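# Remarks on the overall topology
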Amino acid sequence: MDTQTTAPPAAATVTTKMTARDVSVFYGAKQAIKNVTIDISRENVTAFIGPSGCGKSTFLRCFNRMNDTIASARVDGEIKLDGTDIYTGGMDVVQLRARVGMVFQKPNPFPKSIYDNVAYGPAIHGLARSKAEMDGIVEGSLRRAGLWDEAKDRLQESGTAMSGGQQQRLCIARAIAVDPEVILMDEPCSALDPIATAKIEELIDELRGKYAIVIVTHNMQQAARVSQKTAFFHLGTMVEYGDTKTIFTNPTEARTKDYITGRYG
Amino acid sequence: MASIASSPTASHGHVVRIPTDWSNPEMSRRIRRRYAAERRFRAIGFAAVAASVSFLAFLLINMLVHGLPGFLRTEIRLTIPVAVEKLHLTPDQLNGAGKEAALSAADFSGVVTAAAVTRFGDDGASFVSDTGWTALREAVTAEPTIIGKTVTLWLPAAGNLDLVAKGKPPSADGDAFRSAYAKLQHDGLVRTRFNTNFLTAADSSDPVSVGIWGAFKGSLLTMFVTLILSFPIGVLSALYLEEYAPRNRWTDMIEVSINNLAAVPSIIFGLLGLAVFLGTFDMPRSAPIVGGLTLALMTMPVIVIAGRNAIKAVAPSIRDAALGIGASPIQVVFQHVLPLALPGILTGTIIGMARALGETAPLLLIGMRAFIGAPPTGLTAPATVLPMQVFLWSNEVNRSFVEKTSAAIIVLLLFLLMMNGIAIYLRNRFERRW
């Protein structure tokens, strides 16, 4: 792999933001995730890769308890944010989701104006004390999401009227607006064209270091381009976890190697 | 790679395929049949639409032709000597405290009848409407100084004369009324005016003085009660069942019950209203509040079903988006799901309310078919509703009621149109906002 398609190197010193210990997820009787243990660092982008149905999205949704919305889902094990267990540590799920934001596979802006899309999170959490402060948050979030120049003249237009790539960046701006500590991205580019994908990847790189980012992706090249840490999932287990460079060039496990080289997936 | 499709070989164990001849007669026939089927379908569909439009047009034209004359009335010019001794009323009595009693005791009817007989001969009394004397009463009340003088008033003509004026056969003595009308017309003593009385009065036994306002107001009050009960309860039920209720045997049973309730014949709701609201709770008979409660029971399941479907149709990705940013479940429901589902809920509500507006059967049982001579003054006052008024008038023997029935139907349809118009306006407004 040449240098242009490889992500910047992992941060020299890392602090652990989230930890998962022996996490299992069940949908009814079916076990979707089997005893996964992983540390998510604050400074790096962590990618979850693996073939369809391997459970990587399910696992991602444990970090902000989005699995709670599925009646049959049950999560075992322990997931901590800054040392506090997010399931049993008395943490409010609404606050957790503000601290651990999420960007979904399909761009899903609210059918409201661009401004209202970004302002919604800060408004419900009471983060802005005045209209001016809210304007500042909206502008800052759109700038960080690289959308300000395209959106500043049409803030009152509907968010759903934008192109797919712009919508996804709007969703990222919406997540950033509540000033989260972690951003989970569930295949954020799978519905986008290559140019929009490139913009999102650039954006992820810019956001790296400010937020702990976990990205689930189908696209191995994408994982190689944007992440410093990669976890490979297969059939509900985490097969291998390590520096992206190592995983892609010198994987320990045979299954990882087969997947990376395109033998299955 | 490209050669695989066009030159099949058996070498890989596949069946040998003959190259498709896209222009052979069999193929052309199939294409022709396909187009013919499409043309047939379009023709049948067009015929269906044309049939329903022509039914509707027939109904509307029929109603308009029969009903529009109902908004007009014929009036007769009559010169009335208002003598104090005949009327038994002096101008002074109208200033004192006993004004109402004096007015009740005064013989307006006799004075008008006498004037008509004097002017038109022995049949004269039958030219003026039975309630025509109220015009004199109003004139006297407004201007007491006319007592003792002679006044000229336009009085509403009797029903039979009115029918002749509109070119219809009267109930009796056709020739007599026709010649009388011709003579009146020749003397310039008749005119046709817009019947404002029809829009302001309530039911009456005299077709000339009936009005639709009583039934219209009754419908308004009843619909008001129905709406404020069934809409919030229906929408909240739908929200709870869709968003909060666990899926188990109980909620399945509730769902089946609601679907059944929506299909229950309306007369059964009437019996329920009779037994529960009138029987158990001892509420007033013939009152809009009871009618509204009964119709609300009927409308609620329709709103619940439409509401649930509309809520179900809201994309799950919107729920995810709101939850993912830290919205609480109630914020998700009220700030995202409900506004997006509202147009659908409103459509269901229109259907339910329109059905309730046209309903007569359940109201028969709670006494809203009574003869009510004055517009209802409140939710507990006796009232009737528009479809019931249509039903009551259509049962009358007097021919003059025919056009009144049609006119009432026109008013009912206009009410319906107004209601649907408001609902569609609201729906579009919400659709634009989101």
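Conventions we followed
- Position numbers for residues count from 1 along each chain, tracking the sequence in the order it is written.
- Chains carry letters and ligands carry numbers; both start at the beginning, A for chains and 1 for ligands, and go up in the order they are written.
- Local features in a predicted model are, by the rule used here, given only for residues with pLDDT of at least 70; side-chain atom pairs are given and counted only at 80 or more, and totals for whole chains, interfaces and linings are based on all residues.
- Every helix listed is a DSSP run of H or I at least four residues long, and every strand listed is a run of E at least two residues long, numbered separately from the N terminus.
- Residues with at least 20 neighbouring C-beta atoms inside 10 Å of their own are called buried, those with 12 or fewer are called exposed, and the rest are partly exposed, where every C-beta is derived from the backbone.
- C-beta atoms are first placed from the backbone for all residues, and any pair lying within 7 Å is then listed as a contact.
- Just to be clear, the radius of gyration here is over C-alpha atoms, and the globule rule we use is 2.2 Å times residues to the power 0.38.
- A pair of strands is labelled paired if DSSP reports no fewer than 2 bridges between them.
- For the handedness criterion, the strands are oriented away from the viewer, and a crossover whose path from the first strand over the helix to the second runs clockwise is classed as right-handed.
- The residue classification treats Ala, Val, Leu, Ile, Met, Phe, Trp, Tyr, Cys and Pro as nonpolar and Asp, Glu, Lys and Arg as charged. All others, Gly included, are polar.
- A helix is expected to reach a length of 1.5 Å times the quantity of its residues less one.
- Per-residue confidence from the predictor is reported as pLDDT, which spans 0 to 100.

### Brief notes about the overall build of chain B
Broken down by element type, chain B carries 18 helices and 3 strands. Here the C-alpha coordinates of chain B stretch approximately 125 × 60 × 40 Å along the principal axes. Looking at the 434 residues of chain B, the share that counts as buried comes to 36%. A separation threshold of at least 6 residues defines the contact pool for chain B, and within that pool the share at least 24 residues apart is 75%.

### Things to note about the overall build of chain A
On a plain count of helices and strands, chain A comes out with 10 helices and 10 strands. Computed over its C-alpha atoms, the radius of gyration of chain A comes to 18 Å, within 12% of the 18 Å expected for a compact globule of 265 residues. Overall size of chain A, expressed as C-alpha extent along the three principal axes, is 55 × 45 × 35 Å. Partitioning the intrachain contacts of chain A with sequence separation of at least 6 by distance along the chain shows that 70% fall at a separation of at least 24.

### Quick word on the pairing of strand E7 (residues 182-186) of chain A
All names here are of chain A. Most of E7 sits out of view: 5 of its 5 residues are buried. Neither face of E7 is left uncovered, since the one carrying Val 182, Leu 184 and Asp 186 and the one carrying Ile 183 and Met 185 both have all their residues buried. Pairing between strand E6 (residues 100-103) and E7: 4 bridges, direction parallel. Note on E7: the bridge partner recorded for Val 103 is Met 185. For E7 and strand E8 (residues 212-216), the ladder comprises 5 bridges, and the chain directions are parallel. Considered in E8, the bridge of Leu 184 is made with Val 214. Once you follow E7 into helix H7 (residues 194-207) and on to E8, the crossover reads as right-handed.

### Focus: the interface of chain A and chain B
Taken together, the contact between chain A and chain B spans 21 residues of the former and 14 residues of the latter. Contributions of two or more residues to the side of chain A that touches chain B are made by helix H2 (93-99), E6, helix H3 (114-125) and helix H6 (164-177) of chain A. Looking at the side of chain A that touches chain B, its residues break down into 11 nonpolar, 7 polar and 3 charged.

### Observations regarding helix H2 (residues 25-67) of chain B
Because the α-helix completes a turn every 3.6 residues, residues three or four places apart line up on one side. Taking 1.5 Å of rise per residue, 43 residues should cover 63 Å, and H2(B) covers 61 Å from first to last C-alpha, within 8% of that figure. The buried fraction of H2(B) amounts to 1 of the 43 residues, a small share that puts the element mostly on the outside.

### Considering the confidence of the model for chain B
All names here are of chain B. Model confidence for chain B is summarised by a mean pLDDT of 87, while 96% of its residues fall at 70 or above. Mean pLDDT values over the elements of chain B span from 44, in helix H1 (residues 3-6), up to 94, in H2. Confidence drops under pLDDT 50 across residues 1-10; counting only partners more than four residues distant or on other chains, this segment forms 4 contacts. This prediction of the complex comes with two scores: 0.81 for pTM and 0.88 for ipTM.

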